Amino acid sequence: MQNNAIDFKRQVTVKLADIKLQGALSRLQSRFVEGRSAVISEIADLPETRNAAAAIRDRVLNDLEHWLLQFEQQATARGAIVHWAETGEDVNRIVAEIARQHSVRTAAKSKSMVSEECGLNDALEQAGVEVMETDLGEYILQLAHEAPSHIVAPVVHKNKEEVADLFAEKHQLPRKTGIAELCREAREILRPAFLNADMGISGANFLVAETGSALIVTNEGNGRLVTTLPRVHVAITGIEKVVPTLEDVSTLLRLLPRSATGQSITNYVSVLTGTRGRDDHDGPEHFHIVLLDNGRSKLLGSEMQEMLRCIRCGACMNHCPVYQNIGGHAYGWVYPGPMGSILTPLLSGLEKSPDLPNASTFCGACAAVCPVKIPLPDLLRKLREKQMERGMKSHRETFMLKAWAWLALRPNLYALATRIAVRGMRLLGGKEGLLHRLPGAHGWSDGRDFPAPAGRTFRELYRHGSRK
Ligand code: SF4
């Protein structure tokens, strides 16, 4: 997927004015936020479970090489072939080569954010492989030539009527509007794609080091068809997805679906281990697992390592007031919302996504719901600090921050300056008590009125109150 994160500000303006999008985003509240809230309380020991989940992820990340090598050894012993890809181009080259070796003409694909990260579909099409997305959401996007806007619900930006129009146009069938009818129509179109595919491509939610398994968590049966029917299966995922044991996976699975879709469990959890055995009726003859680095290993041991704990549940974006208003496409790349505002600059460079670390109100909702306790606001703040260090902030912002820091280190002067400022702002607010424009903060105050301060500082009020 093309990285357009540099275009964030312009995209925000467009998305805020998009009435259809605003309507579609309102579903986040009812479907995901309320859904999560209803089922997360089923976990009686939620704080302990979140701590355990974070600890599992940290244990892996603190010794990632060890767990990856164990995974490779176990997977290889069960007939899989593990490939190591440093970049997205490497993934594309490796998968195209696998397709060439096995004379693959058609591929059925299940959802994989990493393949979006690499732009795999385009690369395979160029190599002469016809790729069919089989997750309903991804299939809709493929028909519409659009990118996902959410990591769990990729088509959350579209409403049912738009999908009905799209199907009628692309399938050349009478327009249907019932969800069940639309699903049935998609299923009938997709069925031959499963049966005829030479290769199945999937992602992996987790890789299990002790068994060499790739594990996928889905709500649609297509994942199982993609991974078991074609003679070749390629699973593509990031190196950070490994976990030591199946028991560790069971801990993470208590949190993942509840955080993601507000379900206690998902419809399918598939543990894919090795190639088809002699007595097996299904399963691939060839199982390739492609592990992508693409900048992840550089985060190990750094102050940003905690971001690699992410299990891609999407809860942070569902609860983020910024995402709720602009949707996923505005972020310009595969990963939207708070996690994307950190991951995109880390993986593709702060210079290519300078506005993303600022796409946060710092309300802390993302960190409060993150099942693996990633301190997302802290990481965003660290990225902002890096921007300051690298001189990426505007002269005005740099000057104002430096002036504030200088003042904050001189308490008496600070008290005097704030006394003058709050009185001045009180006067500016007049009888109405509202500031319509704040000097030096036009971008912020253009769209809202700021209540004028009471006229005295907190310290003055406190002193006054304590004398009573
Ligand atoms: S950062 Fe946390 S909440 Fe956001 S997708 Fe990752 S695991 Fe889920």
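Keep in mind it's a predicted model, so treat the numbers as computed, not measured.

(A) Spatial organisation of helix 19 (residues 411–429). The terminal C-alpha atoms of helix 19 lie 26 Å apart, and with 19 residues this matches the ideal 27 Å at 1.5 Å per residue to within 8%. Within the span of helix 19, buried status applies to Ala-415, Val-422 and Gly-429. Buried residues along helix 19 cover an arc of 70° about the axis, so they all sit on one side. The exposed residues of helix 19 that point more than 90 degrees off its buried face are Asn-412, Ile-420, Leu-427 and Leu-428. After helix 19 finishes, the residue Gly-430 shows a positive phi value of roughly 60°.

(B) Looking closely at the pattern of salt bridges. The tally for this structure, following the rule as stated, stands at 24 salt bridges. Glu-161 is the salt-bridge partner of Arg-175, the closest N and O atoms lying 2.8 Å from each other. Of the two residues, Arg-175 sits in the loop between helix 9 (160–171) and helix 10 (179–196) while Glu-161 sits in helix 9, which places them 14 residues apart along the sequence. The exposure class assigned to Glu-161 is partly exposed, which follows from its relative accessible area of 38%. The partner of Glu-460 in a salt bridge is Arg-423, and the shortest N-O contact between them spans 2.8 Å. Residue Glu-460 is found in helix 21 (residues 458–467), and its partner Arg-423 is found in helix 19; the two are separated by 37 residues along the sequence. Using a relative accessible area of 12% as the deciding quantity, one classes Glu-460 as buried.

(C) Geometry of the state of the cysteines. Scanning the entire structure with this criterion turns up zero disulfides. Lacking any disulfide linkage, Cys-363 is separated from the closest cysteine sulfur, that of Cys-366, by 6.2 Å.

(D) Fine view of the site of the ligand. Within the structure, the ligand sits among Cys-310, Ile-311, Arg-312, Cys-313, Gly-314, Cys-316, Met-339, Cys-370, Pro-371, Val-372, Ile-374 and Leu-376. Its residues assigned to classes, the shell around the ligand comprises ten nonpolar, one polar and one charged.

(E) Layout of the side chain of Lys-109. Counting through the fold element by element, Lys-109 comes out in strand 2 (residues 106–109). The exposure class assigned to Lys-109 is buried, which follows from its relative accessible area of 1%. At a separation of 3.2 Å, a polar atom in the side chain of Lys-109 contacts the side chain of Asn-121. Here Glu-133 takes part through its side chain, which lies 2.7 Å from a polar atom of the side chain of Lys-109. In this structure Lys-109 touches Ser-115, Leu-120, Asn-121, Val-131, Met-132, Glu-133, Thr-134, Asp-135, Ile-201 and Val-226, once residues within four positions along its chain are discounted.

(F) Inspection of the packing of helix 3 (residues 46–61) against helix 12 (residues 246–260) at higher detail. Between helix 3 and helix 12, whose axes approach to 9 Å, the crossing angle comes to 130°. It follows from the interaxial angle that helix 3 and helix 12 lie oblique. Two packed elements cross with a definite hand, and for helix 3 against helix 12 that hand is left-handed. Here Leu-46, Thr-49, Arg-50, Ala-52, Ala-53, Ile-56, Arg-57 and Arg-59 of helix 3 lie close against helix 12, whose contacting residues are Asp-248, Thr-251, Leu-252, Arg-254 and Leu-255. Class assignment for the residues of the contact of helix 3 with helix 12 results in six nonpolar, two polar and five charged.

(G) Structural view of the sheet that holds strand 5 (residues 206–208). As summarised here, the arrangement of the four strands in space is 8-5-6-9, forming an open sheet in which the pairing is mixed. Strands with a single pairing partner mark the edges of an open sheet, and in this sheet they are strand 8 (242–243) and strand 9 (268–272). Strand direction decides the pairing type here: strand 5 and strand 8, joined by two bridges, are parallel. By the bridge assignment for strand 8, Leu-207 is matched with Val-242.

(H) Representation of the sheet that holds strand 1 (residues 80–85). Pairing is parallel in the open sheet, where six strands are placed in the order 1-10-7-4-2-3. Strands with a single pairing partner mark the edges of an open sheet, and in this sheet they are strand 1 and strand 3 (130–133). Ignoring strand direction, the axes of neighbouring strands in this sheet form an average angle of 20°. The pairing of strand 7 (residues 232–238) with strand 10 (residues 286–292) spans seven bridges and is parallel. Bridging across to strand 10, Val-234 finds its partner in His-288.

(I) Inspection of the packing of helix 9 against helix 10 at higher detail. Taken N-terminus to C-terminus, the directions of helix 9 and helix 10 make an angle of 35°; their axes are 11 Å apart at the nearest point. Seen along the crossing, helix 9 lies across helix 10 with a hand that is left-handed. On helix 10, the residues touching Lys-160, Val-163, Ala-164, Phe-167 and His-171 of helix 9 are Ile-179, Leu-182, Glu-185, Ala-186 and Ile-189. Of the residues belonging to the contact of helix 9 with helix 10, the class tally is seven nonpolar, one polar and two charged.

(J) Local environment of the packing of aromatic side chains. As enumerated under the stated definition, the model contains five aromatic pairs in all. Residues Tyr-323 and Tyr-331 carry aromatic rings whose centres are separated by 6.2 Å and whose planes lie at 25° to one another, so their mutual orientation is stacked. No difference in accessibility class separates Tyr-323 from Tyr-331, as the two residues are buried. One aromatic cluster is present, built from ring pairs that chain together Phe-8, Tyr-323 and Tyr-331. Above the plane of the ring of Phe-362 lies Arg-381, whose end atom (NZ or CZ) is 4.8 Å from the centre.

Conventions adopted
- Residues numbered from 1 in each chain as written.
- Predicted model: local features only at pLDDT ≥ 70, side-chain atom pairs only at ≥ 80, totals over all residues.
- Heavy atoms only, no water.
- Helix = DSSP H or I, 4+ residues; strand = E, 2+ residues; numbered from the N terminus.
- Expected span 1.5 Å × (residues − 1).
- Buried < 20%, exposed > 50% of the residue type's maximum accessible area, 1.4 Å probe, protein only.
- Arc of directions from axis to C-beta.
- Salt bridge = Lys/Arg side-chain N within 4 Å of Asp/Glu carboxyl O.
- Disulfide = S-S within 2.5 Å.
- Near = heavy atom within 4 Å.
- Nonpolar A, V, L, I, M, F, W, Y, C, P; charged D, E, K, R; others polar.
- Polar contact = N/O pair within 3.5 Å; in protein donor to acceptor, adjacent residues only side chain to side chain.
- Contact = heavy atoms within 4.5 Å.
- Axes fitted to C-alpha atoms, helices over the stretch in contact; angles between N-to-C directions.
- Parallel < 35°, antiparallel > 145°, perpendicular 65-115°, else oblique.
- Left-handed = near helix turned anticlockwise from the far one by under 90°.
- Pairing = 2+ DSSP bridges.
- Phe/Tyr/Trp six-rings, centres within 6.5 Å; stacked < 30°, edge-to-face > 60°.
- Lys NZ or Arg CZ within 6 Å of the ring centre and 35° of its normal.

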